[in-house]
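The lines below spell out each chain.
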Amino acid sequence: MRIFYLMIGFTSLGLALLGVVLPLLPTTPFLLLAIACFSRSSKRFEQWLYHTKLYQIYVADFRETGTITRERKRKILVSIYILMGISIFFAPIIWIKLSLVGLTLFITYYLFKVIPDKE
């Protein structure tokens, strides 16, 4: 299992790196998955990832304080709205479109009402 977690960790880290330059890939969830996999497979890689600039920019604040800056929330929301808008436009079935709209509203609510702002 250790090797499996290590492979998944590096794969998700690679996807996170792609997500930095490609707006279609979410960086933060892939970094969180990489941390979770590295914590189960290699403490050395886990510690290395904690000290990278990528981790410090995208994950550290939320993981350590449970808060996200308002500006970061806006950037996240713009990405989500663009991607969900494209998905809703191309979805062939009305129920899928309505589900995507509902998911977008839930994400917006969760991001701004449940996760506190960093002061």
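What counts as what
Residues numbered from 1 in each chain as written. Predicted model: local features only at pLDDT ≥ 70, side-chain atom pairs only at ≥ 80, totals over all residues. Heavy atoms only, no water. Buried < 20%, exposed > 50% of the residue type's maximum accessible area, 1.4 Å probe, protein only. Helix = DSSP H or I, 4+ residues; strand = E, 2+ residues; numbered from the N terminus. Arc of directions from axis to C-beta. Contact = heavy atoms within 4.5 Å. Patch = residues over 30% accessible without salt bridge, like charges linked within 9 Å, V, L, I, M, F, W, Y side chains within 5 Å. Areas by Shrake-Rupley, 256 points an atom, 1.4 Å probe, with all protein chains shown as cover. Salt bridge = Lys/Arg side-chain N within 4 Å of Asp/Glu carboxyl O. Core = buried A, V, L, I, M, F, W, Y, C linked by side-chain atoms within 4.5 Å.

A. A look at helix H3 (residues 43–50). When H3 is considered as a whole, its buried residues turn out to be Glu46, Leu49 and Tyr50. Along H3, the residues classed as buried sweep out an arc of 105° about the axis, all on the same side. Where H3 is buried, its residues touch helix H1 (2–21), helix H2 (27–41), helix H4 (53–58) and helix H5 (60–65).

B. Examining the environment of Gln47 more closely. Relative to the helices and strands, Gln47 resides in helix H3. Look at Gln47 and you get partly exposed, because its relative accessible area is 40%. Sequence-wise, Gln47 and Glu119 are 72 residues apart; in three dimensions their C-alpha atoms are separated by 27 Å.

C. Looking closely at a nonpolar patch on the surface. A grouping of Met1, Ile3, Phe4, Met7, Ile8 and Leu33 is seen on the molecular surface, where their side chains present a nonpolar patch of about 620 Å² in accessible area. Considering each element in turn, the nonpolar patch owes the most residues, four residues, to H1. You can see Met7 is positioned in helix H1.

D. Molecular detail of the pattern of salt bridges. If you walk through the whole model with that rule in mind, you get four salt bridges. For Glu46, the salt bridge identified is with Lys43, shortest N-O distance 3.4 Å. Of this pair, Glu46 and Lys43 both sit in helix H3, three residues apart, roughly one helical turn. For Lys43, a relative accessible area of 53% translates into the label exposed. Asp117 is the partner of Lys73 in a salt bridge, and the nearest nitrogen-oxygen pair spans 2.6 Å. Residue Lys73 is found in helix H6 (residues 70–90), and its partner Asp117 is found in the segment after helix H7 (94–114); the two are separated by 44 residues along the sequence. Assessed through its relative accessible area of 0%, Lys73 is described here as buried. Given a relative accessible area of 25%, Asp117 falls into the partly exposed group. A single salt-bridge network, built from bridges that share partners, covers Arg70, Lys73 and Asp117.

E. Main features of the nonpolar core. Ranked by size, the top nonpolar core spans 12 residues in total: Leu13, Ala16, Leu31, Ala34, Ile35, Phe38, Leu49, Tyr50, Leu54, Tyr55, Val59 and Ala60. Those elements that provide at least two residues to this core are H1, H2, H3 and H4. The biggest single contributor to this core is H2, with four residues. Setting aside chain neighbours within four positions, we find Ala16 in contact with Thr27, Phe30 and Leu31.

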